[in-house]
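Okay, here's what each chain looks like letter by letter:
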Amino acid sequence: MRERQLFSGFLLLLAFVSFQKLCYCDDQTVLYESFDEPFDGRWIVSKNGDYEGVWKHAKSEGHDDYGLLVSEKARKYGIVKELDEPLNLKEGTVVLQYEVRFQEGLECGGAYLKYLRPQEAGWTPQGFDSESPYSIMFGPDKCGATNKVHFILKHKNPKSGEYVEHHLKFPPSVPYDKLSHVYTAIMKPDNEVRILVDGEEKKKANLLSGEDFEPPLIPAKTIPDPEDKKPEDWDERAKIPDPNAVKPDDWDEDAPMEIEDEEAEKPEGWLDDEPEEVDDPEATKPEDWDDEEDGMWEAPKIDNPKCEAAPGCGEWKRPMKKNPAYKGKWSAPLIDNPAYKGIWKPRDIPNPDFFELDRPDFEPIAAIGIEIWTMQDGILFDNILIAKDEKVAETYRQTTWKPKFDIEKEKQKAEDEAAGSADGLKSYQKIVFDLLNKVADLSFLSDYKSKITELIEKAEQQPNLTIGVLVSIVVVFFSLFVKLIFGGKKAAPVEKKKPEVAESSKSEDETEKKEETAAPRKRQPRRET
């Protein structure tokens, strides 16, 4: 009896804790869409004529879980879900999270969400399109050289009144497999924003930092004066030809670069009267050859067998050699320009659009919109969440995304193992590509990211190129490493002595002659060294 009472008490406590947790989540959850039920009536499909893509309520492959499906390729899609009331982004923590699965893989398509401003800004759900005003755009996009998880703020400049898109710099890459992935953006009151992929932090930034967003949210204090003009007498030439220099009397500009080698002699056994090529004695005229239609038949040419045993055939001429008197076109040497003033740039003036903020002046969000133009079908959206606490997002990740992801990963692993070495190579390639995508996200490789991404794209489309791509990327990394280590160093000046230079030149000429003499020649119709 006592045990029964203890057990009942435990169940009551468990129910109370669960209820508290549920109340906590509900209190901190602004919107949650599981798509367990059909979306008709809750989501509004754009009636804009350009958006012909058909949305479907469909199961995720291998699960009983439903989502919002992009059902056709090469279509524009538009759909909106309105919030019960607009959310103020200026107060407290805001968490944006959703799942997306590329069930047919991802070659060229976007799967980002737009968090839309109130309709007073000039849009309607039925007319939703690419111009509908948003406050934040977030999510994966991959096509060609583009491979990123977007995080874009659309912020109003209080001075100019213009809305400007501010893009997160060096965003994380998009996983390219067919598994379910969950994307999370966490915005904190101290202006910190964190981007998570599958619960793992991939990027941390500051909303007001010019190093993290392009263009910076806060404009520069000064700008180049658009009215400032370069003076006509401004000289930007650091070096000029020496006006006092005179061409030496012995400088012959007409001397040829090469002259005949008068010391050369015709090799013994040279066959002057033998042609290099002769008619093929074994060739015969085809039976269907018509002289009137095809012209007079001629036997194909072959190498003259007599020339193979001889040093050469045909008319012999002396070979050419470098002309020691050659100097080329004379030009005056360069000297420092006494009138040099440096590279001109306009003076800086105060920026009329400059402003300062302690916190971004976000416009509230009143709806979620999916507006994409994709060449890919099979894109499945699920478990869309807006919350005020990141713990809520973590709870949903663990209860809705993680179980599906684990099942999909195990299934993929089993398929790879069952398929043997061929699929084993695919698994190896996946690891390689995932690693390369992470490396491409490093900020100091930003100048090289497009090149690396292009190579990865080619390898994904042609897996047999994986090794070649790895070699190419290693070359890029090695070149960058050499540039970073040695690029800024200048070689110490080396004093050259004339006798040594002459000796060196002589040695090089002798080497070239030896190489020319030693080089095997099948035949030499005109010249021989």
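So, how was this worked out
Residues numbered from 1 in each chain as written. Predicted model: local features only at pLDDT ≥ 70, side-chain atom pairs only at ≥ 80, totals over all residues. Heavy atoms only, no water. UniProt positions renumbered as here; feature names shortened; annotations may be inferred. Buried < 20%, exposed > 50% of the residue type's maximum accessible area, 1.4 Å probe, protein only. Helix = DSSP H or I, 4+ residues; strand = E, 2+ residues; numbered from the N terminus. Pairing = 2+ DSSP bridges. Expected span 1.5 Å × (residues − 1). Bend = angle between axes of the 7 residues up to and from the residue. Polar contact = N/O pair within 3.5 Å; in protein donor to acceptor, adjacent residues only side chain to side chain. Core = buried A, V, L, I, M, F, W, Y, C linked by side-chain atoms within 4.5 Å. Contact = heavy atoms within 4.5 Å. Disulfide = S-S within 2.5 Å.

The name given to the protein chain in an unreviewed UniProt entry is Calnexin-like protein 1, with the source organism recorded as Cardamine amara subsp. amara. Recorded in UniProt for the protein chain, the comment headed Sequence similarities (unreviewed entry) runs: "Belongs to the calreticulin family." UniProt, in its Subcellular location (unreviewed entry) section for the protein chain, records the words "Endoplasmic reticulum membrane".

Details of the pairing of strand 13 (residues 192–197)
The element strand 13 is largely enclosed, with a buried count of 5 among its 6 residues. With 5 bridges joining them, strand 12 (residues 180–187) and strand 13 adopt antiparallel strand pairing. Each residue of the ladder has a partner; that of isoleucine 186, found in strand 13, is arginine 194. Joining the antiparallel neighbours strand 12 and strand 13 is a turn of 4 residues, in which asparagine 191 adopts a positive phi near 75°. The pairing of strand 13 with strand 14 (residues 200–206) spans 6 bridges and is antiparallel. Within strand 14, the residue paired with leucine 196 across the bridge is glutamate 201.

With respect to helix 4 (residues 390–419)
Compared with the 44 Å implied by 1.5 Å per residue over 30 residues, the 40 Å span of helix 4 between its first and last C-alpha is a close match. Remark: the principal bend of helix 4, roughly 45°, maps to tryptophan 401, with a proline, proline 403, within the next four residues. Among the residues making up helix 4, those that are buried are Val392, Ala393, Tyr396, Arg397, Thr400, Trp401, Lys404, Phe405, Glu408 and Asp416. The distance from a side-chain oxygen at the start of helix 4 to the backbone nitrogen of lysine 391 is 2.7 Å, and the residue carrying that oxygen is aspartate 389.

Quick notes on the nonpolar core
Tyr115, Phe138, Phe151 and Phe381 are the most contacted members of the largest nonpolar core, which totals 57 residues. Phenylalanine 381 has contacts with Phe35, Trp55, Gly67, Leu68, Val70, Tyr98, Glu99, Val100, Ala111, Leu113, Ile370 and Ile372, leaving out every residue within four places of it along the chain. Core analysis: the next-biggest nonpolar cluster, separate from the first, contains 8 residues, Ile186, Leu196, Ala387 and Tyr396 among them.

Digging into the state of the cysteines
Tallied over the full model, the rule gives 2 disulfides. The residue that forms a disulfide with cysteine 108 is cysteine 143, at a sulfur-sulfur distance of 1.7 Å. Judged by the sign of its S-S torsion, about -80°, the bond between cysteine 108 and cysteine 143 is left-handed. Of the two residues, cysteine 108 sits in strand 7 (residues 108–110) while cysteine 143 sits in strand 9 (residues 134–143), which places them 35 residues apart along the sequence. In this structure cysteine 143 comes out as partly exposed when scored by relative accessible area, which is 32%. Between cysteine 307 and cysteine 313 runs a disulfide, and the two sulfur atoms are separated by 1.9 Å. Where cysteine 307 bonds to cysteine 313 through sulfur, the torsion about that S-S bond is close to -120°, and the disulfide is left-handed. Given a relative accessible area of 1%, cysteine 307 falls into the buried group. The buried category is assigned to cysteine 313, whose relative accessible area is 0%. Counting only the cysteines that take part in disulfides, in the order they occur along the protein chain, gives the pairing 1-2, 3-4.

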